[in-house]
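These are the residues of each chain, in order.
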There are 4 protein chains.
Amino acid sequence: SRYEYVKNFERDEVLLHNCWVVVRVDGRAFHQFVDEHDFIKPNDKRGLDLMNECALEVCKNFSDCVVFAYGESDEYSFVLSRDTKLFNRRQAKIITSFSSLFASNYVFLWSRFFPDKALKRPPAFDARAVCYPTTENLRDYLSWRQADCHINNLYNLCYWKLVESGKSRTEAEKLLSTTLSQDKNELLFKQFGINYAHEPEMFRKGSIICKVWADETKKDEKTGQEKTRKKRRLRVVYCDIIGDKFWKENPEILNEESGKKNKGKNTQAKTDIKT
Amino acid sequence: SRYEYVKNFERDEVLLHNCWVVVRVDGRAFHQFVDEHDFIKPNDKRGLDLMNECALEVCKNFSDCVVFAYGESDEYSFVLSRDTKLFNRRQAKIITSFSSLFASNYVFLWSRFFPDKALKRPPAFDARAVCYPTTENLRDYLSWRQADCHINNLYNLCYWKLVESGKSRTEAEKLLSTTLSQDKNELLFKQFGINYAHEPEMFRKGSIICKVWADETKKDEKTGQEKTRKKRRLRVVYCDIIGDKFWKENPEILNEESGKKNKGKNTQAKTDIKT
Amino acid sequence: SRYEYVKNFERDEVLLHNCWVVVRVDGRAFHQFVDEHDFIKPNDKRGLDLMNECALEVCKNFSDCVVFAYGESDEYSFVLSRDTKLFNRRQAKIITSFSSLFASNYVFLWSRFFPDKALKRPPAFDARAVCYPTTENLRDYLSWRQADCHINNLYNLCYWKLVESGKSRTEAEKLLSTTLSQDKNELLFKQFGINYAHEPEMFRKGSIICKVWADETKKDEKTGQEKTRKKRRLRVVYCDIIGDKFWKENPEILNEESGKKNKGKNTQAKTDIKT
Amino acid sequence: SRYEYVKNFERDEVLLHNCWVVVRVDGRAFHQFVDEHDFIKPNDKRGLDLMNECALEVCKNFSDCVVFAYGESDEYSFVLSRDTKLFNRRQAKIITSFSSLFASNYVFLWSRFFPDKALKRPPAFDARAVCYPTTENLRDYLSWRQADCHINNLYNLCYWKLVESGKSRTEAEKLLSTTLSQDKNELLFKQFGINYAHEPEMFRKGSIICKVWADETKKDEKTGQEKTRKKRRLRVVYCDIIGDKFWKENPEILNEESGKKNKGKNTQAKTDIKT
Ligand SMILES: Nc1nc2c(ncn2[C@H]2C[C@H](O)[C@@H](COP(=O)(O)OP(=O)(O)OP(=O)(O)O)O2)c(=O)[nH]1
Ligand SMILES: Nc1nc2c(ncn2[C@H]2C[C@H](O)[C@@H](COP(=O)(O)OP(=O)(O)OP(=O)(O)O)O2)c(=O)[nH]1
Ligand SMILES: Nc1nc2c(ncn2[C@H]2C[C@H](O)[C@@H](COP(=O)(O)OP(=O)(O)OP(=O)(O)O)O2)c(=O)[nH]1
Ligand SMILES: Nc1nc2c(ncn2[C@H]2C[C@H](O)[C@@H](COP(=O)(O)OP(=O)(O)OP(=O)(O)O)O2)c(=O)[nH]1
Ligand SMILES: O=P(O)(O)OP(=O)(O)OP(=O)(O)O
Ligand SMILES: O=P(O)(O)OP(=O)(O)OP(=O)(O)O
Ligand SMILES: O=P(O)(O)OP(=O)(O)OP(=O)(O)O
Ligand SMILES: O=P(O)(O)OP(=O)(O)OP(=O)(O)O
Ligand SMILES: [Mg+2]
Ligand SMILES: [Mg+2]
Ligand SMILES: [Mg+2]
Ligand SMILES: [Mg+2]
Ligand SMILES: [Mg+2]
Ligand SMILES: [Mg+2]
Ligand SMILES: [Mg+2]
Ligand SMILES: [Mg+2]
Ligand SMILES: [Mg+2]
Ligand SMILES: [Mg+2]
Ligand SMILES: [Mg+2]
Ligand SMILES: [Mg+2]
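Residues numbered from 1 in each chain as written. Chains lettered and ligands numbered in written order. Predicted model: local features only at pLDDT ≥ 70, side-chain atom pairs only at ≥ 80, totals over all residues. Heavy atoms only, no water.

K.L.:
For this particular structure, what's the right way to read the pairing of strand 6 (residues 226-237) of chain A?
P.N.:
Look at any regular strand and the pattern is simple: side chains alternate between the two faces of the sheet. Residues and elements named next belong to chain A. Here 12 bridges tie strand 5 (residues 207-219) to strand 6, and the two strands are oriented antiparallel to one another. Looking across to strand 6, one finds that Glu216 is bridged to Arg229. The turn joining strand 5 and strand 6, which pair antiparallel and follow one another in sequence, is formed by 6 residues; a positive phi near 75 degrees is taken by Gly224. (Pairing = 2+ DSSP bridges. Helix = DSSP H or I, 4+ residues; strand = E, 2+ residues; numbered from the N terminus.)

As structure tokens, then:
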């Protein structure tokens with residue numbers, strides 16, 4: 001028709017080839033959303049579990065391309081493999097599909113995690129895609145998010161403990177404004193008897209979704225004998241991803257080459273990962 | 001921290017200033033979604049009403065910037081005013097907020113429109129933003145979508161009537177492949193006794209959301225007398241937006257100048273719009 | 001070949017359709033270039049004439065698309081018609097072709113304008129393309145540049161007169177830092193006997209290149225009689241383009257419709273334009 | 001001023017960090033330019049030498065960022081180091097500076113390479129910037145250009161020999177249309193007595209500009225003795241860059257780490273490179 005020319009005004013941004021693509025989804029104005037729904041402060045396990053479940057659904061839906069995901073607070077970062085062909089790497093298609101699928105799952109799964117609390121209004125999530133040319137850049141990205149989780153969590157724990165203990169919000173803020181990490185650890189221990197290291201890893205480290213080696217036991221059809229095999233399975237785990245340990249133990253995640261080579265041969269115990 | 005440099009890899013596309021911005025949201029793989037949920041073919045009023053309700057929520061949520069919306073099938077187009085400052089016109093923020101809010105509302109509102117049908121899985125919606133420099137271009141965009149609605153709807157109606165009447169899908173397709181609009185009208189009338197012009201406007205024209213003049217009756221606090229005033233209210237309407245009539249009768253929508261001038265003075269009846 | 005995949009890494013930015021496109025070219029580090037070539041301060045007519053000649057060549061080379069050009073100091077802005085199809089509106093192609101053609105002409109034409117001065121090194125020019133959706137925006141752009149020309153020129157004239165008269169550069173700067181336009185006019189007049197309004201228009205207003213109505217006299221082949229006709233010819237002119245006068249007298253430049261209608265019928269004298 | 005808002009319409013594309021950036025400059029409509037200036041067919045050494053000299057000037061001008069350049073026909077590719085901060089990686093600034101400096105040098109240096117031939121008109125060069133995330137991608141890019149050089153050159157040599165020998169252009173084209181590389185080599189040898197491998201490397205391989213190890217002899221001020229030292233010097237060389245040999249012998253070019261480590265210690269003969 002004579003109107004079709006308007007389609008030419010569309011612009012298609014394509015994400016640079018052969019780069020890691022990170023899609024970060026973040027809740028819109030969640031400070032208000034958590035208030036309206038009385039989330040426990042500073043961390044509400046139900047809310048975080050819900051976020052993880054939404055992320056898992058996204059990972060399954062885009063299982064061809066998402067190789068890793070990391071979540072904390074109201075945000076989730078999805079790592080797409082360097083060579084993903086998803087939507088021909090069209091930026092708008094990718095970020096809107098991720099944000100909308102995440103959001104619709106949030107509503108869909110809400111009642112499973114908050115059985116006693118009605119959802120008052122459906123939330124929105126913004127999303128963006130960022131390209132990282134090297135694995136070092138990608139590792140630094142993930143470290144940035146996990147460090148952010150740690151810093152915020154330590155701060156928030158102190159803040160809410162102080163407020164609980166009777167301090168005004170302004171006092172609490174002022175008190176913490178000059179403290180370093182170590183000071184906050186001491187404050188928690190001395191004033192509130194909390195050993196920060198004993199706080200749940202989910203709160204301190206955030207949540208990781210990826211395929212990890214897991215024992216799988218299957219009965220042999222013929223012999224009836226039980227056999228245990230290592231298989232890579234999609235799991236939520238809580239652990240450090242800033243250091244090299246995790247990546248050395250899970251070389252398949254970011255390095256398809258070494259991953260392929262080691263396939264099935266990896267017998268190393270993955271005991272440090274808590275699923 | 002030493003990781004923060006990774007933030008510099010983010011790219012922020014800004015939508016050109018002083019252009020109309022159209023955000024079009026479209027259901028992902030809805031041919032499959034409607035099948036899984038047994039939507040009536042070719043139009044399921046419940047589904048379209050649900051789409052309209054989601055769009056209304058989006059319009060209310062972004063009432064400062066959305067001046068018009070048009071929906072058909074699994075898609076909705078939102079027109080943002082030329083001078084919108086929403087997210088500083090950042091493309092990614094805008095499209096992901098729209099797509100995710102639309103999607104989360106779809107799940108949230110589902111049961112109101114499909115009280116007897118469980119939602120099997122939460123849908124995703126892609127979205128894109130397109131800039132139009134002139135009002136003529138914007139009008140052509142909207143005409144393009146409404147013409148698309150008409151063409152698809154006429155075709156689909158014929159197609160499903162033929163299939164209902166016993167033709168195979170391939171036969172129906174082949175039969176229609178050579179027909180013009182007029183042929184399809186005749187086929188409907190002669191073979192199925194359907195006067196296409198009598199089909200619901202919602203199916204033939206799609207749905208429009210905008211502020212239209214509506215009578216509002218209020219009791220005067222002091223005198224107790226009822227007074228009727230014209231007010232602009234957000235409504236879903238079904239009408240032609242290709243011709244000039246609608247736009248002449250509603251100059252406020254796209255032309256803020258003339259809109260402002262006429263404010264409150266517009267006494268012209270808007271009888272042709274079915275709310 | 002197996003290497004051809006690398007072509008897919010190219011990104012093609014396309015300038016939004018139906019917008020005015022301004023390509024602004026600007027000399028790289030010209031403060032140094034003019035010093036090395038002892039340009040007269042603050043304005044060297046030879047340099048400006050050379051800039052104009054380069055711009056004329058660019059206009060002729062891209063005569064299908066450039067409808068107007070404005071130059072001042074070491075920069076030139078070229079206005080491309082809204083509907084230009086040049087290089088399919090590919091941004092990189094457009095800006096590099098303009099910058100390189102401008103630069104190669106600068107060297108090529110140098111000796112015509114500086115017959116006694118050898119060019120010491122070939123200059124570079126950066127360039128950018130900017131889209132303007134409305135004619136009002138475009139007019140504001142051009143006003144911005146002409147206002148910039150005026151402000152800089154007035155300042156520079158004062159500055160160099162003060163320096164000539166014995167002030168140090170720092171003194172001159174400090175003296176001028178608190179002055180308004182009017183103060184500078186007075187300073188010029190009182191201290192140096194200069195009526196700023198009598199300075200050459202080229203310096204005060206910058207240079208404009210466009211098609212203006214010009215008398216053209218031709219001998220009739222048959223009758224031998226001389227006939228004078230108005231024709232639109234590409235010229236360099238110096239005049240105000242901030243006010244409406246110029247644009248009312250030359251409606252053909254930005255408004256092709258009215259331009260076409262008036263074609264050949266425009267008999268209004270264009271006496272205010274100095275070619 | 002009230003006009004300054006127009007600056008906000010500018011868009012600044014930034015080239016992705018930590019990627020190799022290739023800026024490829026290419027003569028605009030050079031098939032016509034070479035005809036107008038009677039270039040020798042298919043290769044005019046004077047023209048290629050001029051291209052090399054322009055490229056050398058660009059390399060010197062941007063010596064901080066250009067680490068390698070490759071030229072053939074009317075094009076030159078400049079490789080900018082991954083971490084270049086040039087113009088804050090602003091795409092438009094980079095490509096227009098390169099294209100314009102190349103073009104202005106072309107005119108400036110013309111008479112040195114064509115002392116007997118006047119330049120009829122100044123040429124334009126388009127330019128683009130392409131990001132490559134890995135060194136493998138970059139190597140493939142360079143291989144792509146060198147393979148292109150080889151293929152075109154072999155074809156062109158056959159073509160013009162056939163035309164010289166009396167064939168019409170259409171005949172020559174048709175004859176070659178079905179030939180493989182080997183066939184063309186044989187045709188040259190059998191029909192024209194040309195051993196393609198003995199053609200100048202500049203024609204067969206294109207031109208490379210980079211810092212290579214060169215002996216440098218200096219007289220010791222005190223002892224008066226001559227000392228020869230290896231230094232890395234910017235040179236034009238002609239050699240294969242598709243295989244690994246060149247890159248192994250010159251690890252400093254693309255790998256700054258190993259380059260730094262080996263600095264000054266590299267004593268390996270670089271005999272295969274003809275400067
Ligand atoms: N109480 C509580 N608050 C949480 C929890 N998880 C996240 N939040 C809150 C803390 C922050 O106020 C907010 C996340 O911060 P953001 O920087 O994303 O800001 P917000 O979403 O308000 O605005 P935005 O639209 O993202 O700019 O969510 C939780 O488990 N419990
Ligand atoms: N039966 C039925 N189908 C509908 C209705 N509304 C929309 N649909 C279906 C018809 C089309 O198959 C589909 C919309 O077409 P699209 O071009 O958007 O394709 P689809 O969403 O499948 O794929 P996409 O991911 O958008 O490329 O939705 C309805 O009311 N009833
Ligand atoms: N003496 C003299 N200087 C002039 C004339 N025309 C332009 N210039 C100088 C004045 C400014 O220093 C310079 C233009 O200013 P710009 O803002 O373009 O700065 P410049 O080119 O130095 O740096 P850039 O690379 O553009 O950021 O050129 C002239 O006719 N005579
Ligand atoms: N005779 C002769 N021709 C050459 C020489 N070097 C380059 N050329 C010609 C051959 C090609 O026609 C032309 C380069 O081809 P391009 O693909 O760049 O096309 P052209 O520049 O004509 O158009 P463009 O604006 O780049 O699309 O330059 C030379 O040394 N001698
Ligand atoms: O949202 P913030 O403030 O945590 O930081 P950001 O996500 O980088 O900012 P924005 O959402 O505006 O891109
Ligand atoms: O999705 P289609 O096929 O109706 O057409 P489109 O939306 O323009 O295509 P895409 O979704 O791939 O941009
Ligand atoms: O170059 P300036 O400082 O006159 O201003 P600009 O041209 O807007 O700045 P840039 O050249 O860095 O885009
Ligand atoms: O110019 P060509 O045809 O050699 O190929 P290209 O340079 O990739 O095409 P374009 O100049 O149109 O980008
Ligand atoms: Mg944010
Ligand atoms: Mg948030
Ligand atoms: Mg957040
Ligand atoms: Mg689509
Ligand atoms: Mg769809
Ligand atoms: Mg659709
Ligand atoms: Mg500048
Ligand atoms: Mg300059
Ligand atoms: Mg300047
Ligand atoms: Mg080309
Ligand atoms: Mg060329
Ligand atoms: Mg070429």
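K.L.:
Sorry, what's going on with the relation of the copies chain B and chain D here?
P.N.:
Taken as rigid bodies, chain B and chain D are interconverted by a rotation of 180 degrees and an axial shift of 0.0 Å, the fit giving an RMSD of 0.1 Å. What we have between these two chains is a two-fold relation. Minimal C-alpha distance to the rotation axis in chain B is attained by Glu13 of chain B, lying at 4.4 Å. Counting the interface residues of chain B, we find that 100% of their copies in chain D are interface residues as well, pointing to one common contact surface. (Least-squares fit on C-alpha atoms with pLDDT ≥ 70 in both. Contact = heavy atoms within 4.5 Å.)

K.L.:
When you look at the site of ligand 2 in this model, what are you seeing that I'm missing?
P.N.:
Residues and elements named next belong to chain B. Near ligand 2 there are 15 residues, and of these Asp26, Ala29, Phe30, His31 and Asp44 occur at the shortest range. Within the backbone of Phe30, a nitrogen or oxygen atom sits 2.7 Å from an oxygen atom of ligand 2. One of the side-chain nitrogen or oxygen atoms of His31 is found 2.4 Å away from an oxygen atom of ligand 2. Protein contact buries 67% of the 620 Å² of open area that ligand 2 shows by itself. Every element with two or more residues in the shell around ligand 2 is listed here: strand 1 (20-27) and helix 1 (30-36). Considering every element that reaches the shell around ligand 2, the biggest residue donor is helix 1, with 3 residues. Of the residues that constitute the shell around ligand 2, the class distribution is 6 nonpolar, 4 polar and 5 charged. (Near = heavy atom within 4 Å. Polar contact = N/O pair within 3.5 Å; in protein donor to acceptor, adjacent residues only side chain to side chain. Areas by Shrake-Rupley, 256 points an atom, 1.4 Å probe, with all protein chains shown as cover. Nonpolar A, V, L, I, M, F, W, Y, C, P; charged D, E, K, R; others polar.)

K.L.:
Just checking my understanding: could you explain the site of ligand 1 for this structure?
P.N.:
Residue and element names in this part refer to chain A. Near ligand 1, the surroundings consist of 15 residues, among which Asp26, Ala29, Phe30, His31 and Asp44 are the closest. At 2.8 Å from an oxygen atom of ligand 1 is found a side-chain nitrogen or oxygen belonging to Asp26. Contact distances for ligand 1 include 3.1 Å between a nitrogen atom and a backbone N or O atom of Pro42. Protein chains shield 67% of the accessible area of ligand 1, which is 620 Å² for the free molecule. Listed by contribution, the elements that provide at least two residues to the shell around ligand 1 are strand 1 (20-27) and helix 1 (30-36). Tallied by class, residues from the shell around ligand 1 come to 6 nonpolar, 4 polar and 5 charged.

K.L.:
What should I look at first to understand the packing of helix 2 (residues 45-61) of chain D against helix 3 (residues 91-113) of chain D in this one?
P.N.:
What describes two packed helices is the angle between their axes and the distance between those same axes. Residues and elements named next belong to chain D. At a closest axis distance of 8 Å, the pairing of helix 2 and helix 3 adopts a crossing angle of 130 degrees. Comparing their axes, helix 3 and helix 2 come out oblique. The hand of the helix 2/helix 3 crossing is right-handed. From helix 2, Arg46, Asp49, Leu50, Met51, Glu53, Cys54, Ala55, Glu57, Val58 and Asn61 reach across to helix 3, where they touch Phe98, Leu101, Phe102, Asn105, Tyr106, Leu109, Trp110, Arg112 and Phe113. Its residues placed into classes, the contact of helix 2 with helix 3 shows 12 nonpolar, 2 polar and 5 charged. (Axes fitted to C-alpha atoms, helices over the stretch in contact; angles between N-to-C directions. Parallel < 35°, antiparallel > 145°, perpendicular 65-115°, else oblique. Left-handed = near helix turned anticlockwise from the far one by under 90°.)

K.L.:
Help me understand the sheet that holds strand 2 (residues 66-72) of chain A in this model?
P.N.:
Two strands in a sheet stick together by hydrogen bonds in their backbones, pointing the same way (parallel) or opposite ways (antiparallel). Residues and elements named next belong to chain A. Strand order in the open sheet formed by 6 strands is 4-1-3-2-5-6, and the pairing between neighbours is antiparallel. Where the open sheet ends on each side, the last strands, each with one partner, are strand 4 (125-132) and strand 6. Neighbour-to-neighbour, the strand axes of the sheet open up by a mean angle of 25 degrees, direction not taken into account. Of the pairings in the sheet, the one linking strand 1 to strand 3 (residues 75-80) comprises 6 bridges and is antiparallel in character. Paired with Val23 across the two strands is Phe78, which belongs to strand 3. The sheet strands contacting helix 3 (residues 91-113) are strand 1, strand 2, strand 3 and strand 4, and the helix crosses strand 4 at an angle near 140 degrees. Sheet strands in contact with helix 4 (residues 135-164) are strand 1, strand 2, strand 3, strand 4 and strand 5, and its direction is about 25 degrees off that of strand 2.

K.L.:
Would you mind showing me how to read unusual backbone geometry here?
P.N.:
A negative phi angle characterises most non-glycine residues, just as the trans form characterises most peptide bonds. Between Lys41 of chain B and Pro42 of chain B the backbone carries a cis peptide bond, its omega angle lying at -5 degrees. Considering the arrangement of structural elements, one finds Pro42 of chain B in the loop between helix 1 and helix 2 (45-61). Positive phi, normally seen in glycine, also occurs at Ala29 of chain D, with a value near 50 degrees. Ala29 of chain D gets classed as partly exposed once you look at its relative accessible area, which sits at 34%. (Buried < 20%, exposed > 50% of the residue type's maximum accessible area, 1.4 Å probe, protein only.)

K.L.:
Which parts of the structure should I look at to understand the domain arrangement of chain A?
P.N.:
Size of an interface, as often reported, equals the accessible area lost when the parts are brought together. Residue and element names in this part refer to chain A. Per the domain assignment, the segments of chain A are domain 1 (10-133), domain 2 (143-203) and domain 3 (206-262). Between domain 2 and domain 3, the C-alpha centre-to-centre distance is 34 Å. With 7 residues of domain 2 at the interface, the matching set in domain 3 holds 8 residues. The contact between domain 2 and domain 3 buries some 630 Å² in all, and 49% of this surface belongs to carbon and sulfur atoms. One can count 0 salt bridges joining domain 2 with domain 3. Linking domain 2 to domain 3 there are 4 residue pairs in polar contact (both at pLDDT 80 or more). (Domains from an automatic or database assignment. Buried area = accessible area lost by both parts, 1.4 Å probe. Salt bridge = Lys/Arg side-chain N within 4 Å of Asp/Glu carboxyl O.)

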